[in-house]
Amino acid sequence: MKNKEQQGTRTAASYLNLFTAQVYLLNFFAHILVFGCGLLIGITLTFCVKNFSFNFQIQQFTVPSSLKSPLPPVSPSLPIISSNISISNENSNTEQPFSPPSLMITQKRVITKKGLSDLLETPMIMHDMSEEELLWRASLVPLIHKLPFKQTPKVAFLFLIKGPVLLAPLWERFFKGNEGLYSIYVHSHPSFNETVPESSVFHGRRIPSKEVKWGENSMIEAERRLLANALLDFSNQRFVLLSEACIPLFNFSTIYTYLMNSTQTFVEAYDLPGNVGRGRYSPKMRPLIRLSQWRKGSQWFQIDRALALQIVSDQHYFPVFKKYCNPQCYSDEHYLPTLVSIKFWKRNSNRTLTWVDWSRGGPHPSRYIRTDVTVDFLNSIRYGSTCEYNGKTTNICHLFARKFTPHALDRLLRFAPKLMQFN
């Protein structure tokens, strides 16, 4: 009996263990199934949320279809304009790659290389800058004086004329063979439209100009305009103002050396009592300009770059002249002499290098025609006086002369090669 009861108990325990194992196994598979379903649901929700966010951003920045204009038919060979960034020089031509039929148009950004030579490049002579813009651009000054590049200093010849350069053939002979050592700027009447031969050194050298009236402030404005245009070229270190009646008295090499080696500027300035001197002063110019500072002199100057910058940058003295120096004041004979005597007298020679004869009296100097031009006459101008140059006495006091008419041109051309040693 005992044995039967024990066997029954063992059998019941075995069934109970088997049932318990099956329950545990079912629970395990149930957990696996729940975990798998949860994982699948989580992955599905993640993709749905991402897709919704992406579509929402696109709709935010997409123009509504009602505002769009229909696109033209797309050609099968329409190129794709890629959005890659390319680096190229200004003159390089890059071809756009072609792609299969699709429309992908994006902006292409081109980064161009800019070197020092591009920044120093002189603007075109006939630019479209206003007067204010020109003077501002010309007044820019580098604070570092040591140049990071090689430079050949040039002389800027500024021709203030009414029409053509009347003695151009003589100047052509003067400049020949000296390319790279000079610059030419011509200010003529705006209505002058005569063409200049391409072979001439004066071809394409006219600057934007305005009407100039003798004895008025427009003369000073024209001088400042010429200086400002010449200052745009950093190579120009000396500046010479000339008229259509001016001639050179020496060859280019002599004049170039004289100007470049000078330690002074050449603006004529002197105190002259009487009606044509102090009598032109207006007391309204005080206190900026006093009578004792009032000076007179020739307008035909030879100056360096430092003084040229000061002239185009002057916003104090020139406005006073424009306001109080009326036509009878003849501001072109007083503005520069007065300005230089007040502010820059230490470096000025108080003389001009342009010879002229006022001995006959009158409002204009003597004029010279064909019969006046002789070798002796020209030599008397070239060596007929003494002056100081860099602290030493010399008999070369004038490099230019005026006023010579076109009738004197043939004799000047006859004497110049030998006397002035052109070429």
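Preceding block: the structure.
Computed from a predicted model, the values in this text were never measured in an experiment.

A. Spotlight on the sheet that holds strand 5 (residues 236–242). The strand order across the open sheet formed by four strands is 4-3-5-7, and the pairing between neighbours is mixed. Of all the strands in the sheet, just strand 4 (182–187) and strand 7 (302–304) have a single pairing partner and so form its edges. Mean inter-strand twist for the sheet, computed between neighbouring axes without regard to direction, equals 20°. Pairing between strand 3 (residues 154–160) and strand 5: six bridges, direction parallel. When the sheet's bridge partners are listed, Lys154 is paired in strand 5 with Asn236. Each of strand 3, strand 4 and strand 5 touches helix 4 (residues 168–175); the most contacted strand, strand 3, lies at about 175° to it. Strands in contact with helix 5 (residues 217–231) are strand 3, strand 4, strand 5 and strand 7; relative to strand 3, the strand with the most contacts, it is inclined by about 150°.

B. Main features of the nonpolar core. Counting residues in hydrophobic clusters, the biggest one holds 49 residues, and the most contacted among them are Phe157, Phe159, Trp171, Leu378 and Phe404. Within the residue set of this core, elements represented by two or more residues are strand 3, helix 4, strand 4, strand 5, helix 6 (252–261), helix 10 (375–383), strand 11 (400–401) and helix 11 (409–419). Among the elements that take part in this core, helix 6 stands out by supplying six residues, more than any other. Those residues in contact with Phe404, other than ones at most four positions away along the chain, are Leu167, Ala245, Ile247, Tyr368, Val373, Phe377, Leu378, Ile381 and Leu412. Counting 44 residues, the second largest nonpolar core, distinct from the first, contains Leu227, Ile289, Ala308 and Leu339.

C. Focus on the pattern of salt bridges. Scanning the model with the defined rule gives eight salt bridges in all. Put simply, Asp233 and Lys154 hold a salt bridge, and the shortest N to O gap is 2.8 Å. Here Asp233, found in the loop between helix 5 and strand 5, pairs with Lys154, found in strand 3; they are 79 residues apart in sequence, far enough to count as distant. On the basis of relative accessible area, Lys154 is assigned to the buried category, the value being 14%. One connected set of salt bridges, linked through shared partners, spans Arg280, Lys296 and Glu333.

D. Seen up close, the sheet that holds strand 11. Pairing is mixed across the open sheet formed by three strands, whose spatial order is 6-11-8. Across the chains shown, the open sheet's two edge strands, defined by having one partner strand only, are strand 6 (247–248) and strand 8 (354–355). Bridge analysis of strand 8 against strand 11 gives two bridges, and the strand direction is parallel. Along strand 11, the bridge assignment pairs Thr354 with Phe400.

E. Layout of the pairing of strand 5. Counting buried positions over the seven residues of strand 5 gives six, a clear majority of the element. Pairing between strand 5 and strand 7: three bridges, direction antiparallel. Directly across from Phe239, in strand 7, lies its bridge partner Ile303.

F. Fine view of the side chain of Asp304. Relative to the helices and strands, Asp304 resides in strand 7. At a separation of 3.1 Å, a polar atom in the side chain of Asp304 contacts the main-chain amide nitrogen of Leu307. Not counting residues within four places of it along the chain, the set of residues in contact with Asp304 comprises Gln237, Arg238, Phe239, Thr265 and Arg347.

Here is what the cut-offs are and how they apply
- Residues numbered from 1 in each chain as written.
- Predicted model: local features only at pLDDT ≥ 70, side-chain atom pairs only at ≥ 80, totals over all residues.
- Heavy atoms only, no water.
- Pairing = 2+ DSSP bridges.
- Helix = DSSP H or I, 4+ residues; strand = E, 2+ residues; numbered from the N terminus.
- Axes fitted to C-alpha atoms, helices over the stretch in contact; angles between N-to-C directions.
- Contact = heavy atoms within 4.5 Å.
- Core = buried A, V, L, I, M, F, W, Y, C linked by side-chain atoms within 4.5 Å.
- Buried < 20%, exposed > 50% of the residue type's maximum accessible area, 1.4 Å probe, protein only.
- Salt bridge = Lys/Arg side-chain N within 4 Å of Asp/Glu carboxyl O.
- Polar contact = N/O pair within 3.5 Å; in protein donor to acceptor, adjacent residues only side chain to side chain.

Coordinates in, geometry out; function isn't part of it.
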